[in-house]
Amino acid sequence: MKYFCIAFMAIALVSCNSSGKKPLETPKDRLVHRLFQHVTNEEILYGHQDDLVYGHDWQVTDWEEDPLERSDVKDVSGHYPAVVGFDLGGIELGQDKNLDGVPFDLMRKAALTHLERGGVVTFSWHPRNPLTGGDAWDISSNQVVRSILKGGEKDAEFLLWMEHAADFIESLGPDAAVIFRPWHENLGSWFWWGAGLCTAEEYRELYRHTWLYFTKERGLTNILWCYSPNGPIEPEEYMSRYPGDEFVDILGTDIYEFVGPDGLEEARVRFNTQVKSMLTALNVIATDHHKLMCLSETGLESLPDLKWWTEGLYPAIQGYPVAYVLTWRNAHDKPGHFYAPWKGFEGAADFKAFCDKEDIVLL
Ligand code: BMA
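Residues numbered from 1 in each chain as written. Predicted model: local features only at pLDDT ≥ 70, side-chain atom pairs only at ≥ 80, totals over all residues. Heavy atoms only, no water.

Caption draft 1: Representation of the overall build of the protein chain within the structure. Each helix and strand counted, the protein chain has eleven helices and twelve strands in total. The C-alpha radius of gyration computed for the protein chain amounts to 19 Å, which stays within 12% of the reference 21 Å derived for 363 residues, consistent with globular compactness. Along the three orthogonal principal directions, the C-alpha set of the protein chain runs to about 55 × 55 × 45 Å. Expressed as a percentage of the 363 residues in the protein chain, the buried residues total 57%. Considering only contacts within the protein chain whose residues lie at least 6 apart along the sequence, 74% involve residues at least 24 apart. A total of about 14,500 Å² of accessible surface is found on the protein chain, and carbon and sulfur atoms cover 52% of it. (Helix = DSSP H or I, 4+ residues; strand = E, 2+ residues; numbered from the N terminus. Rg over C-alpha atoms; globule rule 2.2 N^0.38 Å. Buried < 20%, exposed > 50% of the residue type's maximum accessible area, 1.4 Å probe, protein only. Contact = heavy atoms within 4.5 Å. Areas by Shrake-Rupley, 256 points an atom, 1.4 Å probe, with all protein chains shown as cover.)

Okay, structure coming up:
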């Protein structure tokens, strides 16, 4: 395992971009540079969703006092993950807590703490359905995206939703460069912005509308925008709803392993094939478009394969220029809904072996 050191950040502050000419002026430039540097070094950052705010059997309760030193990943590997993900779902309504019960004040503190430790922060967003009032998974109408675009019946309301999300990111301060990954898994049809629920043009408009609001209206220029359709899919399909180079910095994909009736071994083989074929395609697209790439979400729920990390995930990503790979959350209130080991979990040794690989980076 390799891990960041503060010295790296100091070097990054005075270094130049790949052309060697333009100084790296903004926090965003520096984060992009740093991620490219890891890719050049053939290193992959490991990430975990919600890592600092709760784990398999614990959660932060007193967020103001808590030093946020607990982490399931650290409990097992000795290190914090290099990347921590958080979800903004619920911010749009001005709620105090997100859809999984994480107070936004705690999320802000955790994000800033992680950045101070030298980590990378990424935000996803499962906003509620602005037309029906249901949740992100409410796919009862195919008019939702259209309703929030300019001239739509919900466009003013949606502007307010974006305002709340932008306020939160702005509250991290001007030095915080973060990855934002809205409208993810859009080639499936399980979210109201999914492929079966809006046209390709409506989707692209939604992404651009969001980008324009954050970037131009609000001047939030320290965001790395990640486009992350569900995989695996063919390259043409991946690009079929791509918002455009101007609006995207990182090409991501979400691919999970699912165990079917054919058992663990087959599931592992299937996952391996799917991830490799998607990353092979993404590598070509990312090279053509001069973008970073990542495995924005992955995991095997409950980790029934005790060798998943070293024999499932690692061989699937090893050697690919992925900036980071993020496994999903360890819910403390949903039995079996976990994607990283915790202290005492029987498969912890395999995770530790994964973290100890030369090309896997934790803090
Ligand atoms: C899903 C599950 C849900 C959660 C949502 C947003 O994959 O983990 O329990 O509410 O992500 O974090």
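Caption draft 2: Examining the packing of aromatic side chains more closely. A complete count under the given rule lists 37 aromatic pairs for this structure. Both rings, one in Phe158 and one in Trp161, keep their centres 6.5 Å apart while their planes meet at 55°; by these two values the pair is tilted. Placement of the pair is Phe158 and Trp161 together in helix α6 (residues 155-170), with a separation of three residues, close to one helical turn. An identical accessibility class is assigned to Phe158 and Trp161; each is buried. The residue whose ring lies beneath Arg117 is Tyr80, and the NZ or CZ to ring-centre distance is 4.2 Å. (Phe/Tyr/Trp six-rings, centres within 6.5 Å; stacked < 30°, edge-to-face > 60°. Lys NZ or Arg CZ within 6 Å of the ring centre and 35° of its normal.)

Caption draft 3: Structural detail: the environment of Gln59. Counting through the fold element by element, Gln59 comes out in strand β4 (residues 58-59). Contact partners of Gln59, with chain neighbours within four places excluded, come to Val53, Tyr54 and His332.

Caption draft 4: Structural detail: the side chain of Lys28. Turning to its location among the elements, Lys28 is positioned in helix α2 (residues 27-40). Of the polar contacts made by the side chain of Lys28, one reaches the side chain of Asp249; its length is 3.0 Å. The residues touching Lys28, leaving out its near neighbours within four places in the chain, are Ala177, Thr221, Asn222, Ile223, Leu224 and Asp249. (Polar contact = N/O pair within 3.5 Å; in protein donor to acceptor, adjacent residues only side chain to side chain.)

Caption draft 5: Geometry of the pattern of salt bridges. Under the definition given, this model contains 16 salt bridges. In this structure, Arg181 and Asp254 form a salt bridge, with 3.2 Å as the shortest nitrogen-oxygen distance. Here Arg181 is found in strand β7 (residues 178-181), whereas its partner Asp254 is found in strand β9 (residues 250-256), with 73 residues between them in sequence. Per residue, the accessibility class of Arg181 equals that of Asp254, and both read buried. A salt bridge links Lys352 to Asp356, with the shortest nitrogen-to-oxygen separation between them at 3.2 Å. Note on Lys352: relative accessible area 33%, which makes it partly exposed. (Salt bridge = Lys/Arg side-chain N within 4 Å of Asp/Glu carboxyl O.)

Caption draft 6: Representation of the nonpolar core. Grouped together as the largest cluster of nonpolar side chains are 95 residues, with contacts concentrated most on Leu88, Phe123, Phe214, Ile317 and Phe354. Setting aside its immediate chain neighbours within four residues, Ile317 contacts Ile44, Val275, Leu279, Leu295, Val322, Val325, Phe354 and Ile360. Grouped together as the second largest cluster of nonpolar side chains are 21 residues, Leu35, Ile250, Cys294 and Trp328 included. (Core = buried A, V, L, I, M, F, W, Y, C linked by side-chain atoms within 4.5 Å.)

Caption draft 7: Representation of the site of the ligand within the structure. In the neighbourhood of the ligand, the contacting residues comprise Leu99, Asp100, His126, Trp137, Trp328, Arg329, Lys334 and His337. Measuring from an oxygen atom of the ligand, one finds a side-chain N or O atom of Trp328 at 3.0 Å. Burial of the ligand by the protein amounts to 82% of the accessible area it has alone, namely 310 Å². Judged by its atoms lying within 2 Å of the grid points, the ligand is housed in the largest pocket. Grouping the amino acids of the shell around the ligand by side-chain chemistry returns three nonpolar, two polar and three charged. (Near = heavy atom within 4 Å. 1 Å grid on protein atoms, 1.4 Å probe; cavity = no way out; pocket = protein on both sides within 12 Å on 5 of 7 lines; lining within 4 Å. Sits in = over half its atoms within 2 Å of the grid points. Nonpolar A, V, L, I, M, F, W, Y, C, P; charged D, E, K, R; others polar.)

Caption draft 8: Fine view of empty space enclosed by the protein. The final tally for this structure, using the stated rule, is one cavity of 30 Å³ or more. When its volume is computed, the largest cavity comes out at roughly 30 Å³. At the level of elements, β5 (83-87) and β6 (120-124) are the ones that each hand at least two residues to the lining of the largest cavity. A per-element tally of the lining of the largest cavity places β6 first, with three residues. Partitioning the lining of the largest cavity into residue classes produces three nonpolar, five polar and one charged. (Points joined across faces, edges and corners; volume = space filled by probe spheres on them.)

Caption draft 9: Focus on the side chain of Asn222. As for its position among the elements, Asn222 is in the loop between α7 (200-217) and β8 (223-227). Residue Asn222 is classed as buried on the basis of its relative accessible area, which comes to 13%. One polar contact links the side chain of Asn222 to the main-chain amide nitrogen of Lys28, over a distance of 3.3 Å. Among the polar contacts made by the side chain of Asn222, one reaches the main-chain carbonyl oxygen of Pro174 at a distance of 2.5 Å. Contact partners of Asn222, with chain neighbours within four places excluded, come to Thr26, Pro27, Lys28, Pro174, Ala176, Ala177 and Val178.

Caption draft 10: Spatial organisation of unusual backbone geometry. Cis geometry marks the peptide bond from Gly231 to Pro232, where omega comes out at 0°. Locating Pro232 in the fold gives a position in the loop between β8 and α8 (235-239). Phi at Leu68 takes a positive value of approximately 55°, unusual for a residue other than glycine. Among the structural elements, Leu68 can be located in the loop between β4 and α3 (72-77). Phi at Glu185 is positive, roughly 50°, even though this residue is not glycine. By the element assignment, Glu185 lies in the loop between β7 and α7. A relative accessible area of 10% means that Glu185 is categorised as buried.

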